[in-house]
Amino acid sequence: MKKIAELVIKFRIVVIVGTILLTLFFGYHLKNMKINPDIVSYFPKSDPVVKLFNYIGEEYGGNQIAIVAIESDEIFQKEIIQNIQEITSDIQMLDGVSYVTSLTNVLNIKDDEFGGIEIGKLIDEYELPETLEELKKIKDYTFSKDMYKGRLISEDSKTSLIVCRLDVEANKIKTAREIKEIINKKNIKAQALYGGIPFQLIDLSSIMLNDINVLIPIIFLIIMFALYFSFRSFRGVILPIVSVAFSTTWTLGVMSLLNVPLTVISNIIPVILMAVGSAYSIHVINKFNETVVSNSNRINESKKALGEIFIPVFLTAITTMIGFAAFVFGAYLSMIRDFGIFSGLGVFFALVVSITFVPAVLSLLPIKKTSTHKETNKKKGIVLFMDKIGYFVLNNEKAIIIGGILFLIISILGIPKIIRSVDMLDYFKKGTNIRLTERMMEHKFGGSIPIQILVKGDIQDPVVLSEMKKFEDFLDGQGDVKNPQSVADLIEEMNDVMGDGKSIPDSKEKITNLWFLLEGEDIMSQLVNSDYTEAIIQATIISIDTKRMEQLVNDIKIYLEKMDNPDFTFTQTGMHLIYNKLDDSMMKSQVQSLIIALVLIFLIMTFQMHSVSGGLMGLIPIFFTLASIFGVMGYFKIPLDIATVLVGSISIGIGIDYSIHFISRFKKEFLQSHNEFEALSKTLETTGRAILINVITVMLGFLVLIFANLIPLQRFGILVAITMIGSGIGAITLLPAVILITKAKFVGDWSSLKNGILDKTSSVIQKAKSKKGITK
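Quick caveat: nothing in here was measured; it's all calculated off a predicted structure.

The rules behind the values
- Residues numbered from 1 in each chain as written.
- Predicted model: local features only at pLDDT ≥ 70, side-chain atom pairs only at ≥ 80, totals over all residues.
- Heavy atoms only, no water.
- Buried < 20%, exposed > 50% of the residue type's maximum accessible area, 1.4 Å probe, protein only.
- Helix = DSSP H or I, 4+ residues; strand = E, 2+ residues; numbered from the N terminus.
- Contact = heavy atoms within 4.5 Å.
- Axes fitted to C-alpha atoms, helices over the stretch in contact; angles between N-to-C directions.
- Parallel < 35°, antiparallel > 145°, perpendicular 65-115°, else oblique.
- Left-handed = near helix turned anticlockwise from the far one by under 90°.
- Nonpolar A, V, L, I, M, F, W, Y, C, P; charged D, E, K, R; others polar.
- Salt bridge = Lys/Arg side-chain N within 4 Å of Asp/Glu carboxyl O.
- Polar contact = N/O pair within 3.5 Å; in protein donor to acceptor, adjacent residues only side chain to side chain.
- Patch = residues over 30% accessible without salt bridge, like charges linked within 9 Å, V, L, I, M, F, W, Y side chains within 5 Å.
- Areas by Shrake-Rupley, 256 points an atom, 1.4 Å probe, with all protein chains shown as cover.
- Lys, Arg positive; Asp, Glu negative; His and termini not counted.
- Charge placed at Lys NZ, Arg CZ, Asp CG, Glu CD.
- Pairing = 2+ DSSP bridges.
- Core = buried A, V, L, I, M, F, W, Y, C linked by side-chain atoms within 4.5 Å.
- Expected span 1.5 Å × (residues − 1).

**Considering helix α17 (residues 487–497)**
Because an α-helix completes one turn every 3.6 residues, residues spaced three or four positions apart along the sequence face the same direction.
Here is step 1 of the chain: Extensive coverage of α17 is indicated by the burial of 10 of its 11 residues.
Here is step 2 of the chain: Burial in α17 covers these residues: V487, A488, D489, L490, I491, E492, E493, M494, N495 and V497.
Here is step 3 of the chain: Considering only its buried residues, α17 is in contact with β3 (107–111), β4 (117–121), α16 (462–476), β8 (481–485), α18 (508–518) and α19 (522–527).
Here is step 4 of the chain: Looking one or two residues beyond α17, the residue adopting positive phi is G499, at roughly 95°.

**Description of the environment of K510**
Here is step 1 of the chain: Note that K510 resides in helix α18.
Here is step 2 of the chain: On the accessibility criterion, K510 (41% relative accessible area) is partly exposed.

**Some remarks on the packing of helix α21 (residues 575–609) against helix α23 (residues 620–635)**
Here is step 1 of the chain: It is the contact of α21 with α23, at a shortest axis distance of 13 Å, that shows an interaxial angle of 165°. Taken together, the axes of α21 and α23 lie roughly antiparallel to each other. Crossing of α21 over α23 shows right-handed handedness. In this structure, α21 uses Q590, L594 and L598 to contact α23, whose residues at the interface are I622, F623, L626 and F630.
Here is step 2 of the chain: Of the residues belonging to the contact of α21 with α23, the class tally is six nonpolar, one polar and no charged.

**Describing the pattern of salt bridges**
Here is step 1 of the chain: Throughout the structure, instances matching the rule amount to 27 salt bridges.
Here is step 2 of the chain: The salt bridge partner of E71 is K444, with a shortest N-O separation of 4.0 Å. One end of the pair, E71, is in strand β1 (residues 64–71); the other, K444, is in helix α15 (residues 433–445), and 373 residues separate them in sequence.
Here is step 3 of the chain: In this structure K444 comes out as partly exposed when scored by relative accessible area, which is 21%.
Here is step 4 of the chain: K145 is paired through a salt bridge with E493; the nearest N and O atoms lie 2.8 Å apart. Of the two residues, K145 is situated in the loop between α5 (132–143) and β5 (159–166) and E493 in helix α17; the sequence distance between them amounts to 348 residues. Accessibility assignment for this pair places K145 and E493 in one class, buried.

**Examining the side chain of K145**
Here is step 1 of the chain: Judged by relative accessible area, K145 falls into the buried class, the value being 14%.
Here is step 2 of the chain: A polar side-chain atom of K145 sits 2.8 Å from a polar atom in the side chain of E493.

**Remarks on a negative patch on the surface**
Here is step 1 of the chain: Together, D124, E125, E127, E130, E133 and E134 make up a negatively charged patch on the protein surface.
Here is step 2 of the chain: Note on placement: D124 falls in the loop between β4 and α5.
Here is step 3 of the chain: We classify D124 as partly exposed; its relative accessible area is 36%.

**Some remarks on the pairing of β1**
Here is step 1 of the chain: Here β1 lies mainly inside the structure; seven of its eight residues are buried.
Here is step 2 of the chain: Two elements, β1 and β5, share eight bridges in a ladder whose sense is antiparallel. Bridging across to β5, A69 finds its partner in L161.
Here is step 3 of the chain: Where β1 meets strand β6 (residues 191–195), five bridges bridge the pair, whose relative direction is antiparallel. Note on β6: the bridge partner recorded for A69 is L193.

**Here's the deal with the sheet that holds β8**
Here is step 1 of the chain: A sheet is described by the order of its strands in space; here four strands give the open sequence β8-β9-β7-β10, paired in antiparallel fashion. Strand pairing shows two members of the sheet lacking a second neighbour, β8 and β10 (569–574), which therefore form its edges. With direction set aside, neighbouring strand axes in the sheet form an average angle of 20°.
Here is step 2 of the chain: Sheet topology note: the strand β7 (residues 449–456)/β10 ladder contains six bridges and is antiparallel.

**Some thoughts on the nonpolar core**
Here is step 1 of the chain: By size, the foremost hydrophobic cluster in this structure holds 235 residues, and its most contacted members are I70, I91, F339, M468, F702 and F716.
Here is step 2 of the chain: Ranked by residues supplied to this core, first place goes to helix α26 (residues 711–742) with 14 residues.
Here is step 3 of the chain: Setting aside chain neighbours within four positions, we find F339 in contact with I265, S266, I268, I269, I272, F324, F327, L646 and I650.
Here is step 4 of the chain: Counting eight residues, the second-largest nonpolar core is a separate cluster that includes I65, I67, A69 and M440.

**Things to note about helix α9 (residues 269–291)**
Here is step 1 of the chain: Here α9 contains 23 residues, and its C-alpha end-to-end distance of 33 Å stays within 8% of the 33 Å for a straight helix at 1.5 Å per residue.
Here is step 2 of the chain: By the criterion of burial, α9 is predominantly enclosed, with 21 of the 23 residues buried.

**Topic: the sheet that holds β5**
Here is step 1 of the chain: The strand order across the open sheet built from four strands is β2-β5-β1-β6, with neighbouring strands paired in antiparallel fashion. The outermost strands of the open sheet, each flanked by one partner alone, are β2 (97–101) and β6. With direction set aside, neighbouring strand axes in the sheet form an average angle of 20°.
Here is step 2 of the chain: Lying on the sheet, α15 is in contact with β1, β5 and β6; it crosses β6 at an angle near 90°.

**What about the packing of helix α2 (residues 12–28) against helix α8 (residues 234–257)?**
Here is step 1 of the chain: It is the contact of α2 with α8, at a shortest axis distance of 8 Å, that shows an interaxial angle of 40°. Taken as axis vectors, α2 and α8 run oblique relative to one another. Relative to α8, the crossing made by α2 is left-handed. Across from T19, I20, L22, T23, F25, F26 and G27 in α2, the residues of α8 making contact are F246, T249, W250, G253, V254 and L257.
Here is step 2 of the chain: Considered class by class, the residues forming the contact of α2 with α8 number eight nonpolar, five polar and no charged.

Read these as spatial facts, not as claims about activity.
Dropping the structure here:
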């Protein structure tokens, strides 16, 4: 490491200029940075459930639904009906829309004056109802049909839906915005509400941009304040800020060059890098302040400082990168994998800047004189505080460990209480328009989350159609599943109009005759394929509660397994199944990423300590911290979602840093002094001080996320802040207590010195108190 330190200091001008030029290069490419808030687009294309879901979207006109809800005191008014007709017609002209369904173009099956069947529209767009009598007549007819009631018109007649099915290849956000523009241009005498994933994506995109613009300045100010309070120097504030700004620019620049967009998760990468990346610079600056004390010998002392801090900083960065890299393996959503890759890359960039650019600049800066009376008193105060911590640990190691064990047990008892959530509505704050619209959809129309069943066989076979109808009845009986629909409903309706009752005809010939009348209708291409060998059953579900979703998936699976007919097959898909798969994957990813991170970090700690027991010892604060996080999640009902699932591995990667720095410094000091008190006191005064600065800075950095507009990011910020506190306290109290109790090999013979140490510690503290005039 000496060689690297010498090269950095020797070529410091080249390092500084090269770093700035790289930053300008990557900064230029930030102009091409894209945002993609569409979580659905990150589902694995190879997953059978996702493949089937996408197949249905391709074959049946798209599986993304944008819903416009028109609300008024009464929908069946001349102006409102006219507004719905105009909006429907205009939306149909948009390139990204495959089908639009509303009261003014929905299929209507009725008998004609000759005793036959008439296939038309519920409301003729060329003869819209105008008089009160005509409006009442069409209203009464609409509410007499189950095809419309609770599907396109609410039971109270105050809300009507315009359902837009988007093309598979459509730009969902662009198309949803165009739909909004159409409605905004209309002078409608009603309120328009927007539901469905495409409109949610508009809000997510706006929120993400707003969060970036708001959170980054806030975190800059908070970290600058924390650094100034800690270092009280210009270099102590500016250099960490500049280093994280550079590493963040490099990371986002690489993402832009590789056409990797920001997502709901990777949107927080700048916040993470600013909070985490500043830690490396803090330790470097702290070491330089301690080691470089002479202007005349600044170059050699700079080399020494960088050489000594290089390994601890390098190891802490590697462990943090491992925490992020754990997401690369086994992540169900590709956006979580990308988050792991580019967060890890960002940490690497922060490391590079911290051990090259920062020391290069520090080696050029003159030494600041700190011999004033004020600084001397301040130093004594810090020494006294750190000595008190050392004395407390040395005198209460058993109590600390017992307290840690009790806290661990209490936290572990909270883990089974953790709930899981995959509901996208939970991302939005209560009272937001998108949340209010979705709740209205659930209350009046049975929700907007689609359930789909692909049926294969001879769809014109009475047996197949009868089974489809039976399955619809099964879905309808679930309580929270609403509006099941298939081509079987149309055949039943037509059969009823013919006077044979609302049932499936008993012969294929009758079905074929009825089917002929439906040929060419838009709705048919949404329900059945062109050669009548496939059809879909559609429904919506009100709740996507995790347990309920799992139960529904299993209930449908059991029902379908009971079907024993080789002539047809039923296969379930839809967002309910995808959300269930996402939920399962979150648990597997959580466990897998934790195991990977713990094992890799254990190996690094073992390498650093040159012993297995030392490696295990370094993990103690991490187990303490993990228990704290998951205990808090359980007791305070913070759900495991796509953001909080990241906390565990990140906590391991970041939290282990404190153990590495503490053990490295403690080992070095003990080998020099062979005195445990002096080693502990010196470690707490120097590295311990840096750890506290680091804890405060990183904690405040992540707490900035409480100002985020997305609820999962708020939870993420709070949990990581708790992580920093837990791992920091564990590193300066629990870890040394364990070292004392276990008499770790690298520390030496404790039994012969401990009593003398305590006496000496007590004496030092008492002398310090006496100088301040403090008596017992």
